[in-house]
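One-letter residues, chain by chain:
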Amino acid sequence: MFERREFLKFLAASPLLTNYSAFAQEVEETTGERLTDPSEVINVFEMEAVARTKVPPAHFGYLVTGVDSDGTLRANREGYTRFQIRPHRLVDVSRNDMSVNVLGSEAQSPFFLCPVGGQGAFHPDAELASARAAAVKGHHMILSTMSSTAIEAVAEARDSPLWFQLYSTNRWEYTEAMLRRAEAAGCTAVALTIDLPGGRNTETDRLLAREDDRDCAVCHTPPRVKPIFEGLNMRGVGITDPSLTWDVIGRMKEVTNMRVIIKGVEVGTDAALAVQHGADGIIVSNHGGRATETGRGTIECLPEVVAAVNGRIPVIIDGGIRRGTDAFKALALGASAVGIGRPYVWGLGAFGQAGVERVLDLLNRELAITMRGSGTPTIADIGSSYVLDAGHRVPRGRLGRDIL
Ligand SMILES: Cc1cc2nc3c(=O)[nH]c(=O)nc-3n(C[C@H](O)[C@H](O)[C@H](O)COP(=O)(O)O)c2cc1C
C-alpha cells in the first residue's frame, strides 16, 4: 500500500495533479469535487480543496501565493508546531463562552475576517457574502481598501460596526478622503497596513497564472478603479506610500475619530513605537506571508510584541491560523483576537456565503473543543500557563493516514 509520504511525493511529481497540489497550503488527500455541500467539509484544508475546483487558476494563484519561494507563508504554519498546549483538568467547562470585546466592538468569537482585497475574483457575491456570514455568525470583519464592493454596501450587509483597512496611497488628501468615507459608512476602527512599502514578488501567483487559458485582458483592462477610489484620480498614484513614518498615526487621528490600528507589526520595538505614537491596537501580521520573505511565523513574533505592549492596547494576530488549536495558542500568548484570511476566502470561493459560514463554524467548533479540553470556559481564562514554547518546530502529520 502507498505510504502517505510516497503518496505526497507522487502528488508533487505528477504532471496531472501537481499544479494545484504543489501549492496547496497543507495537503489533504480529499478531492474537492466530491464535496458538493458545505456540511460535508470537515476542516478548512478540505475547503481549500473545494475552492481549487471552483476558482480559476489565476485567481486561485492570487489567493494562495506568498512571496519569492513562499518561505514566510510556510513559517506562518510551521511556527504553530513550536507551541504545545498544557491542558488543566477538572475545571467546570459545562459553559463555553467565546465572546470577545475588542476596542468596544462585541463579537461572538475571537476569529475575525481579515481584509482580503478583490473578493469578486472568488465569488460573484464577493465581500457581501463575507459580510453576511460575519453578521450571521457574529464575527468581526475588516474590509480591504481593495474591496470589489463599495464600503457602504458592505457596512449594510455586515449590520454591525465594520472596520476598514487602509492603504494610505501616496497622496495624503486621498488618505483623508478614504478615512472620511469609511467613518461616514459607520466604520469604528481603521487598520493601517504598514508592511508593503516596497512592492512584492508573488511568484506562485505568476506560476499559476500560466495555467489559466482565459484572456485576462477581458476583465483586467486599465484603468481599473476600486470602489473606494471612485471620484479620486488614481492615474500615477501609488497604493502605498514608501515615505510613511510613525507620525502617520497622529496625522490620521487629526482626520478621524475611528480607532487607529497598525497592521503589520512583527517586532517589539515597533510595537512600543506604535503605542508611543498613540495607536489604539496592533495587528501582528506579515500579510499572510505576502510581504517580506524569510520572516518568522507571526506566532513566533507575538510574544515579543505582547511583552513590549505590556497590556496598554489590544494585540491582535493573523497569519497561518487554520485550526482551533492555533487560535487557542495565540490567545494564550496574549492575543485579544485572531484573524483568518485565506480560510474564509476558500469558503467564499467554494460555496459563497454558506462556505464562509461553514469555515467559521468549523473553526469555532475546534476552538470550543480545545477550550473545554484545556479547562478554559471563557477567552479571558486562556492565559500563558496553557501553552509551552518547545523552542523548536515539531514535525506535523496525520498519523492515522500514515498507518492506513
Ligand atoms: C488574497 C489576499 C488578499 C489580501 N489583501 C489584503 C489587503 O487588501 N489588505 C491587507 O491589509 N491585507 C491583505 N491581505 C492579508 C490579510 O489581511 C491577512 O493578513 C492574511 O491573509 C492572514 O494570513 P492567512 O491568509 O494565512 O490567514 C490579503 C491576503 C490574501 C490572501
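What counts, and at which threshold
Residues numbered from 1 in each chain as written. Predicted model: local features only at pLDDT ≥ 70, side-chain atom pairs only at ≥ 80, totals over all residues. Heavy atoms only, no water. Axes fitted to C-alpha atoms, helices over the stretch in contact; angles between N-to-C directions. Helix = DSSP H or I, 4+ residues; strand = E, 2+ residues; numbered from the N terminus. Left-handed = near helix turned anticlockwise from the far one by under 90°. Contact = heavy atoms within 4.5 Å. Buried < 20%, exposed > 50% of the residue type's maximum accessible area, 1.4 Å probe, protein only. Pairing = 2+ DSSP bridges. Right-handed = clockwise from strand over helix to strand, strands pointing away. Expected span 1.5 Å × (residues − 1). Lys, Arg positive; Asp, Glu negative; His and termini not counted. Salt bridge = Lys/Arg side-chain N within 4 Å of Asp/Glu carboxyl O. Polar contact = N/O pair within 3.5 Å; in protein donor to acceptor, adjacent residues only side chain to side chain. Phe/Tyr/Trp six-rings, centres within 6.5 Å; stacked < 30°, edge-to-face > 60°. Core = buried A, V, L, I, M, F, W, Y, C linked by side-chain atoms within 4.5 Å. Near = heavy atom within 4 Å. Areas by Shrake-Rupley, 256 points an atom, 1.4 Å probe, with all protein chains shown as cover. Nonpolar A, V, L, I, M, F, W, Y, C, P; charged D, E, K, R; others polar. 1 Å grid on protein atoms, 1.4 Å probe; cavity = no way out; pocket = protein on both sides within 12 Å on 5 of 7 lines; lining within 4 Å. Points joined across faces, edges and corners; volume = space filled by probe spheres on them.

Visitor: What exactly am I supposed to notice about the packing of helix α11 (residues 268-276) against helix α12 (residues 298-309) here?
Guide: When two helices pack together, their arrangement is given by the angle between the helix axes and by the axis-to-axis distance. Direction vectors running N to C along α11 and α12 enclose 35°, while the axes themselves pass 8 Å from each other. Crossing angle aside, the handedness with which α11 passes α12 is right-handed. Contacts from Gly268, Ala271, Ala272 and Val275 of α11 reach α12 at Glu304, Val305, Ala308 and Val309.

Visitor: I tried to follow the pairing of strand β8 (residues 259-265) on my own but got confused; where do I start?
Guide: Two faces, one strand: in a regular strand the side chains alternate between the faces of the sheet. Counting buried residues in β8 gives 6 out of 7 residues, a clear majority hidden from the surface. Where strand β7 (residues 189-193) meets β8, 5 bridges bridge the pair, whose relative direction is parallel. Bridged to threonine 193 within β8 is lysine 263. As defined by bridge partners, β8 adjoins strand β9 (residues 281-284) across 4 bridges and the pair is classed as parallel. Its bridge partner lying in β9, valine 265 is registered against valine 284. One crossover worth recording links β8 to the parallel β9 by way of α11, and it is right-handed.

Visitor: Sorry, what's going on with helix α8 (residues 172-184) here?
Guide: Two residues of an α-helix separated by three or four positions point the same way, owing to the 3.6 residues in each turn. In this model, α8 (13 residues) spans 18 Å end to end at C-alpha, consistent with the 18 Å of a helix rising 1.5 Å per residue. In this structure, the buried residues of α8 make contact with α7 (151-158), β6 (163-166), β7 and α10 (248-255). One or two positions beyond α8, positive phi appears at glycine 186, with a value near 105°.

Visitor: Where do I start with the side chain of aspartate 318 in this structure?
Guide: Along the chain, aspartate 318 falls in strand β10 (residues 315-318). Lacking a salt bridge, the buried aspartate 318 has lysine 263 as its closest oppositely charged neighbour, with an N-O distance of 4.1 Å. For aspartate 318, the side chain forms a polar contact with the side chain of serine 285, separated by 2.8 Å. Contacts of aspartate 318, omitting those with residues within four sequence positions, involve Cys114, Lys263, Ile283, Val284, Ser285, Thr298 and Gly339.

Visitor: Looking at this structure, I do not really get the packing of aromatic side chains. What am I missing?
Guide: By convention here, two paired aromatic rings are described through the distance between centres and the angle between planes. This structure, assessed with the given rule, holds 2 aromatic pairs. Each ring, one from tyrosine 62 and one from phenylalanine 122, has its centre 6.1 Å from the other, and the planes form 5°; the classification is stacked. Residue tyrosine 62 is found in helix α4 (residues 57-64), and its partner phenylalanine 122 is found in the loop between β4 (111-113) and α6 (126-137); the two are separated by 60 residues along the sequence. Judged by relative accessible area, which is 29%, tyrosine 62 ranks as partly exposed.

Visitor: Is there a simple way to think about the nonpolar core in this case?
Guide: Taken as a class, soluble globular proteins show a tendency for nonpolar side chains to be buried jointly. Formed by 110 residues in total, the largest nonpolar core has its most connected members in Ile151, Phe164, Ile262, Ile282, Leu302, Ile317 and Leu367. Among the elements that line this core, the one with the most residues is helix α15 (residues 353-374), at 8 residues. When near neighbours in sequence (up to four residues on either side) are disregarded, isoleucine 317 contacts Tyr80, Phe112, Val284, Thr298, Ile299, Leu302, Ala330, Ala335, Ala337, Val338 and Gly339.

Visitor: Explain the site of the ligand to me, please; I cannot follow it from the model alone.
Guide: Lining the immediate environment of the ligand, one finds 23 residues, of which Pro115, Ser144, Thr193, Arg322 and Gly341 sit closest. At 3.1 Å from a nitrogen atom of the ligand is found a main-chain nitrogen or oxygen belonging to glycine 117. For the ligand, a nitrogen atom lies 3.2 Å from a polar atom in the side chain of histidine 287. When isolated, the ligand has an accessible area of 600 Å², and the protein chains bury 99% of it. Of the residues in the shell around the ligand, the class split is 8 nonpolar, 10 polar and 5 charged.

Visitor: Just checking my understanding: could you explain the pairing of β6 for this structure?
Guide: Burial along β6 is two-sided: Trp163 and Gln165 facing one way and Phe164 and Leu166 facing the other are all buried. Pairing between strand β5 (residues 142-143) and β6: 2 bridges, direction parallel. Bridge pairing in β6 links isoleucine 142 to tryptophan 163. The handedness of the β5 to β6 crossover, carried by α7, is right-handed. Bridging between β6 and β7 involves 4 bridges; their strand directions are parallel. The residue bridging phenylalanine 164 from the neighbouring strand is valine 190, located in β7. The parallel pair β6 and β7, bridged by α8, forms a crossover whose chirality is right-handed.

Visitor: Would you mind showing me how to read the environment of isoleucine 262 here?
Guide: Along the polypeptide, isoleucine 262 turns up in strand β8. Taking C-alpha positions, isoleucine 262 is 11 Å from proline 314, a pair spaced 52 residues apart along the chain. Once residues within four sequence positions are removed from consideration, isoleucine 262 is found in contact with Leu192, Ile194, Trp246, Ile249, Ala274, Ala279, Gly281, Ile282 and Ile283.

Visitor: What is the right way to read empty space enclosed by the protein from this model?
Guide: Rolling a probe over the atoms, with the probe sized like a water molecule, indicates the empty space that remains. Tallying each qualifying case throughout the model produces 1 cavity of 30 Å³ or more. Estimates place the volume of the largest cavity at around 30 Å³. In this structure, the largest cavity is lined by Leu143, Ser144, Thr145, Ser147, Thr149, Ala150, Ile151, Phe164, Pro227 and Ile228. Classifying every residue of the lining of the largest cavity gives 6 nonpolar, 4 polar and no charged.

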